[in-house]
Amino acid sequence: MEENEIINGLTEAVINGKKDVASELAQKALDEGVDPYKAVIEGLANGMEIMSDKYDKKQAFIPHLLLASNAMYAGMDILTPHIKLEGADTKKVLVIGSVEGDVHDIGKNLVKTMMSAVGFEAIDLGKDVPIEDFIKTAAEKKADVVSVSTLMTSTMDNVGKVVTGLQSQGIRDKVKVIVGGAPITPDFAQEIGADMNKPDAMEAAKWALEAAGTLSPDRWG
Ligand code: B1M
């Protein structure tokens, strides 16, 4: 099977919500030597973006999105352990989650995938994560980077509360904080006292790796 056929097949599998086909093609991608990063981004994530667009145009509805995301995860489960990018030799600690009130986790999982690919040990708190869990885990695990996602305007304030919580626990300067998801802008990130906002998962991972490198290794005592 040609590389293009596999990539397009992965996109179609997500659009049609075909979990088994996504798994099968993900395995085929590995067997045929297709770059797993390319298969995730140009294949699976592309399918999810097409579905997002269809949802916005009312051509797809929530059940379709759920099937599509299940297919995307089935493919990602197989491909992501094989993604490794250049410079991924450090082991920095990342605490990541979708903020309290928000169950969207596809973008967050893409960010996690890319962060893992550049060498982070990702502690994934999941979705709808209570604000205090970000703070508690960052301190317990002596995190380098805290990554907070949200896709809804109604939960943007909770993103700000994570930063405030880190400040009130006296650990804000020990970690780098990146915030993202569709409604988050660089201005908003600055306003709430985060270090960065990036529009996509790969950009976020590149920034995080560099930012983590500027932290003092003995800052946690
Ligand atoms: Co919901 N949803 N949804 N949804 N959903 C949106 C976000 C919405 C924009 C749809 C719309 O109305 N047009 C809207 C939010 C409106 C707003 O506030 N502005 C919305 C709503 C309202 C809701 C519900 C409230 C619907 C309801 O029940 N009435 C409900 C939420 C419940 C809750 O959270 N409490 C809900 C539920 C769901 C599903 C469960 C059905 C499903 C989520 C499945 C899942 O995640 N497991 C879903 C989906 C799939 C969407 C859309 C269609 C697609 C989101 C997606 O996964 N995109 C979305 C519409 C849209 O986006 N056009 C919509 C693909 C993904 C790869 O992109 O997550 O944006 P994205 O990630 C990008 C970037 O944002 C970035 O990187 C990724 C690309 O590389 N990024 C970061 C993400 N996090 C980052 C962090 C970073 C940096 C970059 O640094 C930390």
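What you see is a predicted model; the values in this text were computed from it and never measured.

*Asks:* Describe the coordination of the cobalt atom of the ligand, with residues and values.
*Replies:* Counting protein donors to the cobalt atom of the ligand gives just one, His104 (NE2), placed at 2.1 Å. Tracing the backbone through its elements, the reader meets His104 in the loop between strand 1 (92-99) and helix 5 (106-117).

*Asks:* Can you break down the packing of helix 3 (residues 36-56) against helix 4 (residues 62-79) residue by residue, with the values?
*Replies:* Remark: helix 3 packs on helix 4, axes separated minimally by 10 Å, with the N-to-C direction vectors making an angle of 175°. What the angle tells us is that helix 3 and helix 4 run roughly antiparallel. Judged by residue contacts, Pro36, Ala39, Val40, Leu44, Ala45, Met48, Met51 and Tyr55 of helix 3 engage Ile62, His64, Leu65, Ala68, Ser69, Ala71, Met72, Gly75, Met76 and Leu79 from helix 4. Considering only residue class, the contact of helix 3 with helix 4 consists of 15 nonpolar, three polar and no charged.

*Asks:* How would you sum up the site of the ligand? Please name residues and give values.
*Replies:* As a structural note, the neighbourhood of the ligand is formed by 32 residues, with Asp56, Val103, His104, Asp105 and Thr153 the closest of them. Within the side chain of Ser149, a nitrogen or oxygen atom sits 3.0 Å from a nitrogen atom of the ligand. Placement of the ligand is best described as lying within the largest pocket. Of all the secondary-structure elements, those providing two or more residues to the shell around the ligand are helix 3, helix 4, helix 5, strand 3 (145-149), strand 4 (176-180) and helix 9 (201-213). Both domains that furnish three or more residues to the shell around the ligand are identified here as domain 1 (3-82) and domain 2 (93-212).

*Asks:* So what's going on with the layout of surface pockets? Which residues, and what values?
*Replies:* To find leftover empty space, one rolls a probe the size of a water molecule over the atoms. For the largest pocket, the calculated volume is near 1,300 Å³. Counting residues per element, the ones that place at least two in the lining of the largest pocket are helix 3, helix 4, helix 5, strand 3, strand 4 and helix 9. Counting residues per element, the lining of the largest pocket draws most heavily on helix 3, at eight residues. Partitioned by chemical class, the residues of the lining of the largest pocket number 25 nonpolar, 13 polar and seven charged. Counted as a void, the second largest pocket has a volume near 230 Å³. Along its surface, the second largest pocket is lined by Tyr73, Met76, Asp77, Thr80, Pro81, Ile83, Asn109, Lys112, Thr113, Ser116, Ala117 and Asp124. Looking at side-chain class alone, the lining of the second largest pocket contains five nonpolar, four polar and three charged residues.

*Asks:* So what about the domain arrangement of the protein chain? Which residues, and what values?
*Replies:* Taken domain by domain, the protein chain comprises domain 1 (3-82) and domain 2 (93-212). For domain 1 versus domain 2, the separation of C-alpha centres amounts to 25 Å. Counting from both sides, the interface comprises 10 residues of domain 1 and, opposite them, seven residues of domain 2. Of the roughly 660 Å² buried at the junction of domain 1 and domain 2 (both faces included), carbon and sulfur atoms supply 80%. Considering only the side of domain 1, the residues that lose the most area to domain 2 are Tyr37, Tyr73 and Met76, jointly responsible for 55% of the buried surface there. Across the contact surface, domain 1 and domain 2 share zero salt bridges. Put simply, domain 1 and domain 2 have three residue pairs in polar contact (both at pLDDT 80 or more) between them. When contributions to the side of domain 1 that touches domain 2 are tallied by element, the ones reaching two or more residues are helix 3 and helix 4. Sort the elements by how many residues they give to the side of domain 1 that touches domain 2 and helix 3 lands first, with five residues.

The rules behind the values
- Residues numbered from 1 in each chain as written.
- Predicted model: local features only at pLDDT ≥ 70, side-chain atom pairs only at ≥ 80, totals over all residues.
- Heavy atoms only, no water.
- Donors = N, O, S within 2.8 Å, 3.2 Å for Na, K, Ca; no water.
- Helix = DSSP H or I, 4+ residues; strand = E, 2+ residues; numbered from the N terminus.
- Axes fitted to C-alpha atoms, helices over the stretch in contact; angles between N-to-C directions.
- Parallel < 35°, antiparallel > 145°, perpendicular 65-115°, else oblique.
- Contact = heavy atoms within 4.5 Å.
- Nonpolar A, V, L, I, M, F, W, Y, C, P; charged D, E, K, R; others polar.
- Near = heavy atom within 4 Å.
- Polar contact = N/O pair within 3.5 Å; in protein donor to acceptor, adjacent residues only side chain to side chain.
- 1 Å grid on protein atoms, 1.4 Å probe; cavity = no way out; pocket = protein on both sides within 12 Å on 5 of 7 lines; lining within 4 Å.
- Sits in = over half its atoms within 2 Å of the grid points.
- Domains from an automatic or database assignment.
- Points joined across faces, edges and corners; volume = space filled by probe spheres on them.
- Buried area = accessible area lost by both parts, 1.4 Å probe.
- Salt bridge = Lys/Arg side-chain N within 4 Å of Asp/Glu carboxyl O.

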